[in-house]
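Structural description and commentary
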Amino acid sequence: MSNDEVFAAAYREHYWAVSRYVARRLDGRMSEVEEVVAEVFTVAWRRRDDLPAAPLPWLYGVARNCLANAVRGYGRRRRLVDRLGNDETAHGRQIVDSPDTEPPGGWVHEALARLSAKDQEVLRLTAWEELGIDDLAVALGCGTRAASMRLHRARRRLRAEIDRMSLTTPSKENGHG
């Protein structure tokens, strides 16, 4: 199979997995998701000679880099808009959450959000993308022992955050919350 055919097969087989990976990390900002996914496959096309036999973990690694670039760009645009005073509040377009807006399992996302970006990514790659240690190592660009240690430490930190949250949250059995 030619490198073009290998790329085409990887695109067909993994487009939606990469799209889900990016969408989860951009919290549903669909126009940005499409841009990042397009960039991922543009990089994959340019580097089609380097595509491994099992390309998905490699594509996740490329997506991590593309996401980092997109997030930096989003931050720059947001700061520019803020400097120009053209934000939603200036135009009366504020959205107020209703009391039942809390998503199921929101406490897990809250605990996850308290971790470093690197810990969050390791946990998301294993939980959301269902990567094993070998594929995690490829996506992170490190060895399997390092990936295993990073996962172990991230899980330990998440457990500590969940424990901290449970100590500070009033229990519903006592009539609180």
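Conventions adopted
Here the residue numbers are simple positions, counted from 1 along each chain's written sequence. Reporting in this predicted model follows two pLDDT cut-offs: at least 70 for local features of residues, and 80 or more for side-chain atom pairs to be given and counted; totals over whole chains, interfaces and linings ignore these cut-offs and use all residues. Hydrogens and water molecules were not included; the side-chain quantities draw on all heavy atoms of the structure. For a residue, the bend is simply the angle between two axes, fitted respectively to the seven-residue segment ending there and the seven-residue segment starting there. Per the convention used, a helix needs a DSSP run of H or I reaching at least four residues, while a strand needs a run of E reaching at least two, with both numbered from the N terminus. Residue exposure (1.4 Å probe, protein chains only): buried if accessible area is under 20% of the type maximum, exposed if over 50%, otherwise partly exposed. Values of pLDDT, the confidence the predictor places in each residue, fall between 0 and 100. Whether two residues touch is decided by their heavy atoms; if any such pair falls within 4.5 Å, the residues are in contact. Note on definitions: salt bridges are taken to be side-chain nitrogens of Lys or Arg within 4 Å of carboxyl oxygens of Asp or Glu.

1. Let's talk about helix 1 (residues 3-25)
Remark: the principal bend of helix 1, roughly 55 degrees, maps to His 14. Here helix 1 has its buried residues at Phe 7, Ala 10, His 14, Ala 17, Val 18, Ser 19, Tyr 21, Val 22 and Arg 25. The positive-phi residue at the C-terminal boundary of helix 1 is Asp 27, with phi of around 55 degrees.

2. Observations concerning the confidence of the model for the protein chain
Per-residue confidence for the protein chain gives a mean pLDDT of 81, with 76% of residues at or over 70. For the protein chain, the element scoring lowest by mean pLDDT is helix 3 (residues 56-84), at 79; helix 6 (residues 133-140) scores highest, at 92. For the stretch residues 87-100, pLDDT sits under 50, and the model shows eight contacts to residues farther than four places along the chain or on other chains. Counted against residues more than four places away or in other chains, residues 172-177, with its pLDDT under 50, gives three contacts.

3. With respect to the pattern of salt bridges
Tallying each qualifying case throughout the model produces eleven salt bridges. Measuring nitrogen to oxygen at the nearest pair gives 2.9 Å for the salt bridge that ties Arg 114 to Glu 110. Here Arg 157 makes a salt bridge to Asp 119, at a shortest N to O gap of 3.0 Å. You can see Arg 157 sitting in helix 7 (residues 144-168) and its partner Asp 119 sitting in helix 5 (residues 117-127), a full 38 residues away along the chain. A relative accessible area of 37% places Arg 157 in the partly exposed class. Note on Asp 119: relative accessible area 8%, which makes it buried. Within the structure, one salt-bridge network assembled from shared partners comprises Arg 24, Arg 25, Arg 64, Glu 121 and Glu 129.

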